[in-house]
Amino acid sequence: MFFYISGIGSTFFDTEKNNYGIFVGGKFLRLLLPFVLGIFAFLIPRLYFGQQYEDFTRNNDVIENDYWTFMLATLPSVHLKLSWLWYLPALFIDCMLTYPLLRWTMRRSRGIPFDPLVDTGIILHQIITLAIWALPCYFLVTKDNYGPDLLIPAIMMLGGILFLFYTLQLAIGTRNGYHYAIYIKLLGPVGSMCMNLFKLQTKEQNLYHIFLMINYDAIFFSQGLVDMCYWKQMLKKRGEMAETPIAPVSFVAGLLIYSITSPTVYSNMGHLFFYPLYSNYGLQCLYTTGTWLWVYTIIWVVAKCCNDKFNPTFYKFFCGASLYAYLSHYFFILIISVLVIRPYKITFIPALFIMLFGTFALIIVTYAPLVFLYELFVPEKPTKKMEIDG
């Protein structure tokens, strides 16, 4: 869901008015800089306070009380303990991997004629980007030859999926081509099934799992940006389909797919944090298909019902705090656990409410002063609702 929405958000960048360097610089400021700050402001303190209860937070299995000593000992191996912060560098990589597709799609969706120089350069840029991504996959993932044997073929598969995104959207630009806008949504689910061919739930292969997951995420990101660029064409086709027998059939089919893709199997499971779950290919395909069903359903519902500020103040702090909440939430969860839940031995139900609302409260209470200080130097800019209903 995060990567699909990020793909949607990437379309707000005007690739025709701004160059690639501006795009990279913006992503550096919005993703990599918060990532580095988050390591020192939230991750290392979270690891420090967790030493009493979690083995992986300790260095050489020793509890270190001096914070400075602990930080210096943690930094060399901090990349193995990123926990929730992995999303930011992964999203940065996916932004780089899919920028050529973003520019291509923006040009095609706006009806800009094919330019041999510009558009050939975009395709070449995509090939070079994938080749650069293959280098760390090949040279860093050497254990059991997983890099050459699994990750490199996965990148080639990703290239094939991106090729389909490049070519199939050309049909949307033809006369009455809006019919194809909704069918291009099948590329994501099918692409995930293809990527499952290279997914093994092997233990002690964390780097392989992370790199392969970035390939999965690139598919979600690509689908999000393509869907956003052709949103109105898709809505038009969906509206026509709603007036035909396809509508009730699709509803029943959706319920059926939901029922068979719900992850209720407790055997052949892999690591919880390495998408997708399960080691069996068939179960993996059911799991990824269910993911896409939920992503599409949630996006359609919130686009219809939630595309409004409602209350400007609530919007400013609740939506505006999303990145800060992501960076800080795990730290606040641990602080509440270590300082309140565990010492007072609070039972599950009260602890659940204290943890949930306490984390929200700490996020908002610490975010509000940051907003105040930021707006002293950078005035708030007005925003306008995007028209996506027609």
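In the block above lies the structure referred to throughout.
Since the structure is predicted, the reported quantities are computational estimates derived from the model, not experimental observations.

Caption draft 1: Structural detail: a nonpolar patch on the surface. On the surface, F314, F318, F348, I349, L352, F353, L356, F357 and F360 cluster together to form a nonpolar patch covering roughly 1000 Å² of accessible area. Put simply, the parts of the chain that give the nonpolar patch at least two residues each are α12 (312-318) and α14 (348-377). Along the chain, F314 turns up in helix α12.

Caption draft 2: Spatial organisation of the packing of aromatic side chains. The full count for this structure, using the stated rule, is 34 aromatic pairs. Look at F42 and Y324: their rings are 6.0 Å apart centre to centre, the planes differ by 75 degrees, and that puts the pair in the edge-to-face class. Here F42 is found in helix α2 (residues 20-49), whereas its partner Y324 is found in helix α13 (residues 322-341), with 282 residues between them in sequence. Residue classification places Y324 among the buried residues on the basis of a relative accessible area of 13%. On the basis of an interplanar angle of 85 degrees and a centroid distance of 5.5 Å, the ring pair of Y216 and Y275 is categorised as edge-to-face. Separated by 59 residues along the polypeptide, Y216 in helix α8 (residues 206-229) and Y275 in the loop between α10 (246-261) and α11 (281-305) bring together distant segments of the chain. Across this residue pair, the class does not change: Y216 and Y275 are buried. Taking the ring centre of Y178 as reference, the NZ or CZ of K236 above it sits at 4.2 Å. Between the NZ or CZ atom of R342 and the centre of the ring of Y53, over which it lies, the distance is 4.0 Å.

Caption draft 3: Summary view of the pattern of salt bridges. Tallied over the full model, the rule gives 10 salt bridges. Close ionic contact of D14 with R110 constitutes a salt bridge, the shortest N to O distance being 3.1 Å. Here R110 lies in the loop between α4 (87-109) and α5 (116-139) and D14 lies in the loop between α1 (2-10) and α2, a separation of 96 residues in the sequence. One salt bridge connects E375 with K316, and the closest N-O pair in it is separated by 3.1 Å. With E375 in helix α14 and K316 in helix α12, this pair connects stretches of sequence that are 59 residues apart. Given a relative accessible area of 27%, E375 falls into the partly exposed group. For K316, a relative accessible area of 24% puts it in the partly exposed group.

Caption draft 4: Structural view of the layout of surface pockets. Considered as a void within the structure, the second largest pocket measures approximately 1800 Å³ in volume. Forming the boundary of the second largest pocket are 44 residues, of which S83, W86, M213, F273 and F274 lie nearest the centre. Here the lining of the second largest pocket gets nine residues from one element, more than from any other, and that element is α8. Residue classes in the lining of the second largest pocket are distributed as 28 nonpolar, 10 polar and six charged.

Caption draft 5: Structural view of unusual backbone geometry. Looking along the chain, the bond that leaves Y275 and enters P276 is cis, with omega of -10 degrees. With respect to the helices and strands, the residue P276 is situated in the loop between α10 and α11. The backbone of S83 shows a phi angle near 50 degrees, a positive value even though the residue is not glycine. In this structure, S83 sits in the loop between α3 (67-74) and α4.

Caption draft 6: Quick peek at α4. Over its 23 residues, α4 runs only 29 Å from end to end, short of the ideal 33 Å by more than 12%, given 1.5 Å per residue. Its axis deflected by about 50 degrees at T98, α4 carries its strongest bend there, up to four residues before the proline P100. Among the 23 residues in α4, 20 count as buried, and that is most of the element. Once α4 ends, the next one or two residues include G111, with phi positive near 75 degrees.

Caption draft 7: A look at the environment of F40. Mapping F40 onto the fold places it in helix α2. Classification of F40 by relative accessible area gives partly exposed; the value is 41%. C-alpha separation for the pair F40 and M71, spaced 31 residues apart in sequence, amounts to 8.7 Å.

Caption draft 8: Broad picture of the state of the cysteines. Counted according to the given criterion, the structure contains zero disulfides. No disulfide involves C194; its sulfur sits 8.5 Å from that of C285, the nearest cysteine.

Caption draft 9: Highlighting the side chain of K81. Its place among the elements puts K81 in the loop between α3 and α4. Within the buried core, K81 has no salt-bridge partner, and the shortest N-O distance to an opposite charge, that of D61, equals 9.6 Å. Reaching out from K81, the side chain makes a polar contact with the backbone oxygen of F56 at a distance of 3.3 Å. With sequence-adjacent residues up to four places away left out, K81 is seen in contact with L43, L47, F56, T57, R58 and N59.

Calculation notes
- Residues numbered from 1 in each chain as written.
- Predicted model: local features only at pLDDT ≥ 70, side-chain atom pairs only at ≥ 80, totals over all residues.
- Heavy atoms only, no water.
- Patch = residues over 30% accessible without salt bridge, like charges linked within 9 Å, V, L, I, M, F, W, Y side chains within 5 Å.
- Areas by Shrake-Rupley, 256 points an atom, 1.4 Å probe, with all protein chains shown as cover.
- Salt bridge = Lys/Arg side-chain N within 4 Å of Asp/Glu carboxyl O.
- Helix = DSSP H or I, 4+ residues; strand = E, 2+ residues; numbered from the N terminus.
- Phe/Tyr/Trp six-rings, centres within 6.5 Å; stacked < 30°, edge-to-face > 60°.
- Buried < 20%, exposed > 50% of the residue type's maximum accessible area, 1.4 Å probe, protein only.
- Lys NZ or Arg CZ within 6 Å of the ring centre and 35° of its normal.
- 1 Å grid on protein atoms, 1.4 Å probe; cavity = no way out; pocket = protein on both sides within 12 Å on 5 of 7 lines; lining within 4 Å.
- Points joined across faces, edges and corners; volume = space filled by probe spheres on them.
- Nonpolar A, V, L, I, M, F, W, Y, C, P; charged D, E, K, R; others polar.
- Expected span 1.5 Å × (residues − 1).
- Bend = angle between axes of the 7 residues up to and from the residue.
- Disulfide = S-S within 2.5 Å.
- Lys, Arg positive; Asp, Glu negative; His and termini not counted.
- Polar contact = N/O pair within 3.5 Å; in protein donor to acceptor, adjacent residues only side chain to side chain.
- Contact = heavy atoms within 4.5 Å.

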